[in-house]
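As a plain string of letters, each chain reads:
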Amino acid sequence: MATMVVAAVEGAILVGGLSALGGALLCIGIPKDSVIQYEEAVKTDGYLVVAHGSADEMARAKAILKLSNPTRIDLHENVKAQTGDEKRSGSGAIPSH
């Protein structure tokens, strides 16, 4: 994950208007409309949890995250994995404060 973040920070200039976080999320395949919403939530003292895994792992992560009464939970399919070549599911959640 750290490699993707560094790569995104280096490429953030190309993503105009997004922070390094937004650039990183966009680079791993999160849709831009979701990235903008996630950035706004983080700017207003929310927080973002990102997980990668199989469909079963994401279902388990979603069930666990629901226990914390999140503001929302989004699942994004076909998000790039750490290798960049392998496709896996990703889960982004913005729990409440």
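Located above this text is the structure these notes cover.
Residues numbered from 1 in each chain as written. Predicted model: local features only at pLDDT ≥ 70, side-chain atom pairs only at ≥ 80, totals over all residues. Heavy atoms only, no water.

Peer 1: Lay out helix H4 (residues 55-66) with the relevant residues and their values.
Peer 2: Side chains of residues three or four places apart in an α-helix project in the same direction, reflecting 3.6 residues per turn. Its twelve residues give H4 an end-to-end C-alpha distance of 16 Å, which sits within 8% of 16 Å, the value for a rise of 1.5 Å per residue. Those residues of H4 that sit buried are Met 58, Ala 61 and Leu 65. For H4, the angular spread of the buried residues around the axis is 60°, confining them to a single face. For H4, exposure combined with an orientation more than 90 degrees from the buried face picks out Asp 56, Arg 60 and Lys 66. (Helix = DSSP H or I, 4+ residues; strand = E, 2+ residues; numbered from the N terminus. Expected span 1.5 Å × (residues − 1). Buried < 20%, exposed > 50% of the residue type's maximum accessible area, 1.4 Å probe, protein only. Arc of directions from axis to C-beta.)

Peer 1: Go over the environment of Ser 68 with me, naming the residues and quoting the values.
Peer 2: Tracing the backbone through its elements, the reader meets Ser 68 in the loop between H4 and strand S2 (70-80). From its side chain, Ser 68 meets the backbone oxygen of Leu 65 in a polar contact 2.8 Å long. (Polar contact = N/O pair within 3.5 Å; in protein donor to acceptor, adjacent residues only side chain to side chain.)

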